[in-house]
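Structure assessment
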Amino acid sequence: MTLFLGLATQAAAGDISVDVTNLRSVQGDIRVAICPRDTFTKPTCAHRASAPASAGRVVVRGVPAGTYAVQAFHDENGDGDLNRRGFRVSEGLAFSNDARIRFGPPRFRDAAIEVTGDAALTLNMRYYE
């Protein structure tokens, strides 16, 4: 019975290929997180991956079926952190559905997508400085 459940869960998981457009440079890395509502915009999001910015694509493997929001940032200096100058973000940000930042991160519902298996999507990187 446990083996059957494991196979069912594995079959429902997909690899999500994320292409990122409008990078201002090919320096550093692109970091992507695919998050359910409870970990959206938090560092505890479990489905993460990164790739060199020069590749322009990040693949996040083994994402179970469900509703998620995709977030990415262009870690231009490669330090692993989303850098800020005061309250302003100094590295690029992107969200699924091209959800925009206004006076804080977008609402989960504005960035929400359904994952049902392997998928590909494109994110538009935006810079606020």
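This write-up is about the structure you can find in this document. Source: prediction; values computed, not measured.

1. Some remarks on the packing of aromatic side chains
- Here the structure, examined in full by the defined rule, presents two aromatic pairs.
- Both rings, one in F40 and one in F95, keep their centres 6.0 Å apart while their planes meet at 75°; by these two values the pair is edge-to-face. With a gap of 55 residues between them, F40 in the loop between β2 (29-35) and β3 (47-52) and F95 in strand β8 (residues 93-95) connect regions that are remote in the sequence.
- Residue F95 is classed as buried on the basis of its relative accessible area, which comes to 8%.
- An angle of 75° between the planes, with centres 5.7 Å apart, marks the rings of F40 and F108 as edge-to-face. With F40 in the loop between β2 and β3 and F108 in helix α2 (residues 108-111), this residue pair connects regions lying 68 residues apart in the sequence.
- Accessibility expressed as a relative area gives 9% for F108, which makes it buried.

Criteria and cut-off values
- Residues numbered from 1 in each chain as written.
- Predicted model: local features only at pLDDT ≥ 70, side-chain atom pairs only at ≥ 80, totals over all residues.
- Heavy atoms only, no water.
- Phe/Tyr/Trp six-rings, centres within 6.5 Å; stacked < 30°, edge-to-face > 60°.
- Helix = DSSP H or I, 4+ residues; strand = E, 2+ residues; numbered from the N terminus.
- Buried < 20%, exposed > 50% of the residue type's maximum accessible area, 1.4 Å probe, protein only.

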